[in-house]
Amino acid sequence: MNDISVALGAALRLIAGADVQLAQIVWLSVCVSLAAVVIAAAIALPLGALLAITRFPARQALIAVLNALMGLPPVVVGLLIY
């Protein structure tokens, strides 16, 4: 329990002191997340629109599989992709 309180105290000091390295780390994290969202949207939005407007034999099965995949935790998907 003492280790957790020490770590929390150090984290609060970094945040309250507006640490430059911490700000750089947070900014990098935001930039990477935004880039990932833009890339994913550029791929998924056209494919989703195509799936919505076209009709083909396995369409219902593909929709069921995609809906099932959306229920997976992100960590599991990341491990499967890795």
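For the structure, see preceding data.
What counts, and at which threshold
- Residues numbered from 1 in each chain as written.
- Predicted model: local features only at pLDDT ≥ 70, side-chain atom pairs only at ≥ 80, totals over all residues.
- Heavy atoms only, no water.
- Helix = DSSP H or I, 4+ residues; strand = E, 2+ residues; numbered from the N terminus.
- Rg over C-alpha atoms; globule rule 2.2 N^0.38 Å.
- Buried < 20%, exposed > 50% of the residue type's maximum accessible area, 1.4 Å probe, protein only.
- Areas by Shrake-Rupley, 256 points an atom, 1.4 Å probe, with all protein chains shown as cover.

A. The arrangement of the overall build of the chain in detail. A tally of helices and strands in the chain yields four helices and zero strands. The order of α-helices and β-strands along the chain, N terminus first, is α-α-α-α. For 82 residues, the compact-globule estimate of 2.2 N^0.38 gives 12 Å, and the chain exceeds it by more than 25% at 21 Å. Seen along its three principal axes, the alpha-carbon backbone of the chain occupies a region of about 60 × 30 × 20 Å. Scored against the burial criterion, the 82 residues of the chain give a buried share of 2%. Summed over all atoms, the accessible surface of the chain reaches about 7,100 Å², with 78% contributed by carbon and sulfur.

Take it as geometry only, folks, not as evidence of what the structure does.
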